[in-house]
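Here's the letter readout for the chains.
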Amino acid sequence: MQNERVAHILDRIADYMEMDDDFFRVKAYRRAANTVQNLSEDIETINEEGRLQELPGIGKHIAAKIEEILETGTSLYFEKLKKEYPVDFDALLSVEGVGPKTIKLLYKELGVETLDDLEHHARRHHIRRIKGMGDKKEKQILENIDLARKNTGRKLLGHILPLAESIKHQLEVLKVVKTVEIAGSIRRRKETVGDIDLLVISDNSQEVMDYFVNLPLVEEVIVKGPLKSTVILKEGLDCDVRVFEEDVFGAALMYFTGSKELNVELRKMAIAQNMKLSEYGLFQGEEMVAASTETEIFQAMGLDYIPPELRETHEAVEAAVSHKLPDLIGYNDIKGDLHIHSNWSDGKNTLEDMVWECQELGYEYLAIADHCGYLHVTRSMDEKDIKNQSTEIDRLNEKMENITILKGLEVNIGPDGNPDVDNTLLQEMDLVVAGIHSGERKDFFEMTQIMVNAMENENVNIISHPTNRRMPERPEYDLNLDKIFEAASETNTFLEINSNPVRLDLKDVYVKKAIQYNCKLVINSDAHSQNQLHNMHLGIATARRGWAEKEDIINSLDLKDLLKVLNR
Ligand SMILES: [Zn+2]
Ligand SMILES: [Zn+2]
């Protein structure tokens, strides 16, 4: 699906227009981006069937842009705007407090193009002198640059995976191509990725390379060789394509999937067995023992197959030797999504639309958990809304077959750790999700205590996005995780793995730790639109990277057993 990418480019065009105060068109492009973002259908299908202009907010003009993006991977107009303002938009926007208008101002006044430029001028107090900026703003920028810098160069898995898949599909079209696999950190589903690695089986590598370096997504060709080419994509990251013969493909895939640490461990192990492992195969002396598939190589070394998501550290090798690898939760094991928003609060789609999409996804149940209480940041339900929504859910439950809608709420955890909604109201729900939504940061001890208090409330089932990070700009809360996991396990509170690509919270290493504390977890999309329901696989990947099995994840249970563990 190219939906994400199309939406991203439209949104970015809107950013450029915002620089020029072209608010009418900003609105049009934002609206179109939003429409595409929230589509449940594949935009390529809609385009092929000539239905683009039937979508809300998409007229002839923007439809032509979308068509162009689908065909070429970008838009000439967008590329022209990028030339006009040769600024590192992604990096600069990642500094909290810097928006399109500030970027334009800084570019015109000081020629700021990169994070380095920005820091240079902030340190020399050039920014405060610009009309409309001031010393407070300058200080804020300086404070936020470091954070932003930590994250530039690496991009979010959820944003790059569709791009990698698109290139894979474009290569697969070639007749001379037999197989294309995405390798590297994307295959391991690491939450951020530095580049895209593609491995191809073909006996005509010349044709593959000629085709690859001329793809519209390519900005610049760095190396074009017969067996390996490297390009910089317009997206601003490197992409490598390597071509192999079929009989060594397993060894190549294993090697280029990594991680480096795992490869070192495996090579050591091969040597201990009097063999040699490389990207060309597993050898004993001159004789090739195994090379065509990964499974074959693992087997020949006496190891169980290590799923890519576990290939981060040496621990996986140790477990593979002693046949103690976890039986990971599968990408099809989730039976329902327990944290979904509708337009009763800040969601984009109606409750009914969200339910239909869940049915499409094959779920057995879902929980609507709209915001309620006294959130200032977003639309929130009051007591009357909750009653009316409950009536609507009853109506839908009667109408829908094969799917059950649970009545949930997402309450805000207040400064004392209590949900800011009356307990008698919470008691009536099927499920209560509680999360912190204020940006206010308290110290380690206070923050931990707030979370523990929330879990001790017997009406709270799930803690949403427990560390409240947002990549790249907002770091996680500093929490005493041992205390949090202990409390979750004792109070039978379920910790969420939030599948939003900027959250992925709990993150992989915390998932693993939580499981060691016998915590039960839940993988939710926290979708605010139909489209976002499809992010679930990112949460599942995070769970797998945290060694989670089916029994660790409560929404792999069928409805009857789920209701038992919710114990309401
Ligand atoms: Zn939330
Ligand atoms: Zn939410």
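Note that this is a predicted model, so its numbers are computed, not measured. (Residues numbered from 1 in each chain as written. Chains lettered and ligands numbered in written order. Predicted model: local features only at pLDDT ≥ 70, side-chain atom pairs only at ≥ 80, totals over all residues. Heavy atoms only, no water.)

## Details of helix 1 (residues 3-19)
Then, number 1: Over its 17 residues, helix 1 extends 25 Å from the first C-alpha to the last, a length consistent with the 24 Å expected when each residue adds 1.5 Å.
Then, number 2: For helix 1, the buried fraction is high: 13 of the 17 residues fall into the buried class.
Then, number 3: One or two positions beyond helix 1, positive phi appears at Asp21, with a value near 55°. (Helix = DSSP H or I, 4+ residues; strand = E, 2+ residues; numbered from the N terminus. Expected span 1.5 Å × (residues − 1). Buried < 20%, exposed > 50% of the residue type's maximum accessible area, 1.4 Å probe, protein only.)

## Side note on the pairing of strand 4 (residues 195-202)
As a general feature of sheets, a regular strand has side chains that alternate between the two faces.
Then, number 1: Within strand 4, seven of the eight residues are buried, which leaves it mostly tucked inside the rest of the structure.
Then, number 2: Examined bridge by bridge, strand 2 (residues 177-182) and strand 4 share five bridges and lie antiparallel to one another. The partner of Ile182 across the bridge, within strand 4, is Leu198.
Then, number 3: As paired strands, strand 4 and strand 7 (residues 238-244) are joined by seven bridges and run parallel to one another. Following the sheet pairing, Leu198 is matched in strand 7 by Val241. (Pairing = 2+ DSSP bridges.)

## Re the domain arrangement of the protein
Then, number 1: Partitioning the protein into structural domains gives domain 1 (3-151), domain 2 (155-244), domain 3 (249-321) and domain 4 (336-566).
Then, number 2: On a C-alpha basis, the centroid separation for the pair domain 2 and domain 4 is 36 Å.
Then, number 3: Of the residues lining the interface, 10 residues belong to domain 2; the matching set on domain 4 comes to 10 residues.
Then, number 4: Between domain 2 and domain 4 lies a buried interface of about 780 Å² when both sides are counted; carbon and sulfur atoms form 68% of it.
Then, number 5: Across the pair Arg469 and Glu191 runs a salt bridge whose closest N-O atoms are separated by 2.8 Å.
Then, number 6: Across the contact surface, domain 2 and domain 4 share two residue pairs in polar contact (both at pLDDT 80 or more).
Then, number 7: With four residues, the top contributor of residues to the side of domain 2 that touches domain 4 is helix 10 (residues 157-172). (Domains from an automatic or database assignment. Contact = heavy atoms within 4.5 Å. Buried area = accessible area lost by both parts, 1.4 Å probe. Salt bridge = Lys/Arg side-chain N within 4 Å of Asp/Glu carboxyl O. Polar contact = N/O pair within 3.5 Å; in protein donor to acceptor, adjacent residues only side chain to side chain.)

## Observations regarding the coordination of the zinc ion (ligand 2)
Then, number 1: Looking at the zinc ion (ligand 2), the protein donor atoms are His339 (NE2), His341 (NE2), Glu410 (OE) and Asp526 (OD), and they sit 2.1 to 2.3 Å from it.
Then, number 2: If you look at the zinc ion (ligand 2), its four donor atoms make angles of 81 to 170° with each other, and the shape they trace is irregular.
Then, number 3: When the donor residues of the zinc ion (ligand 2) are listed from N- to C-terminus, their spacing reads H-x1-H-x68-E-x115-D.
Then, number 4: Separation of the zinc ion (ligand 2) from the zinc ion (ligand 1) amounts to 3.2 Å, with Glu410 serving as a shared donor to the pair. Residue His341 is located in the loop between strand 11 (336-340) and helix 17 (351-360), and its partner Asp526 is located in the loop between strand 17 (521-524) and helix 23 (536-545); the two are separated by 185 residues in the primary sequence.
Then, number 5: By relative accessible area, which is 0% here, His341 ends up buried.
Then, number 6: Exposure remark for Asp526: the relative accessible area of 4% places this residue in the buried category. (Donors = N, O, S within 2.8 Å, 3.2 Å for Na, K, Ca; no water. Tetrahedral: all angles 85-135°; square planar, octahedral: opposite > 155°, others 65-115°.)

## Considerations on unusual backbone geometry
Then, number 1: At the junction of Gly258 and Ser259, the peptide bond is cis and its omega measures out at -5° in the coordinates.
Then, number 2: Of note, the bond from Asp505 into Leu506 is cis; its omega dihedral lies within 30 degrees of zero at 5°.
Then, number 3: Mapped onto the secondary structure, Leu506 falls in the loop between strand 16 (494-498) and helix 22 (508-516).

## Section: the coordination of the zinc ion (ligand 1)
Then, number 1: Within the protein, the atoms that donate to the zinc ion (ligand 1) are Glu410 (OE), His437 (NE2) and His465 (NE2), at distances of 2.1 to 2.2 Å.
Then, number 2: Each donor residue of the zinc ion (ligand 1) belongs to the same chain, with the gaps between them written as E-x26-H-x27-H.

## Observations regarding the side chain of Ser529
Then, number 1: Along the polypeptide, Ser529 turns up in the loop between strand 17 and helix 23.
Then, number 2: Setting aside its immediate chain neighbours within four residues, Ser529 contacts Gln37, Asn38, Lys348, Asn349 and Met354.

## A word on a negative patch on the surface
Then, number 1: A cluster of like negative charges, contributed by Asp382, Glu383, Asp422 and Glu428, occupies part of the molecular surface.
Then, number 2: Tracing the backbone through its elements, the reader meets Asp382 in the loop between strand 12 (365-371) and helix 18 (383-399). (Patch = residues over 30% accessible without salt bridge, like charges linked within 9 Å, V, L, I, M, F, W, Y side chains within 5 Å. Areas by Shrake-Rupley, 256 points an atom, 1.4 Å probe, with all protein chains shown as cover. Lys, Arg positive; Asp, Glu negative; His and termini not counted. Charge placed at Lys NZ, Arg CZ, Asp CG, Glu CD.)

## Examining the sheet that holds strand 12
Then, number 1: As summarised here, the arrangement of the seven strands in space is 11-12-13-14-15-16-17, forming an open sheet in which the pairing is parallel. Two strands bound the open sheet, and with one partner strand each, they are strand 11 and strand 17.
Then, number 2: Where strand 14 (residues 431-435) and strand 15 (residues 462-463) come together, two bridges link them in parallel fashion. The residue of strand 15 that forms the bridge with Ala434 is Ile463.
Then, number 3: Relative to strand 13 (residues 404-412), helix 18 is tilted by about 160°, and along the sheet it contacts strand 12 and strand 13. (Axes fitted to C-alpha atoms, helices over the stretch in contact; angles between N-to-C directions.)

## Some details on the pattern of salt bridges
Then, number 1: Within the structure shown, the criterion is met by 35 salt bridges.
Then, number 2: The salt bridge partner of Asp11 is Arg30, with a shortest N-O separation of 2.9 Å. Note that Asp11 is positioned in helix 1 and Arg30 in helix 2 (residues 23-37), a separation of 19 residues in sequence.
Then, number 3: By relative accessible area, Asp11 is classed as partly exposed at 33%.
Then, number 4: With its nearest N and O atoms 3.2 Å apart, the salt bridge here joins Glu172 to Lys168. Of this pair, Glu172 and Lys168 are both found in helix 10, four residues apart, which corresponds to roughly one turn of the helix.
Then, number 5: For Lys168, a relative accessible area of 17% corresponds to the buried category.
Then, number 6: A single network of salt bridges, built from pairs that share partners, joins Asp11, Arg12, Asp15, Glu18 and Arg30.

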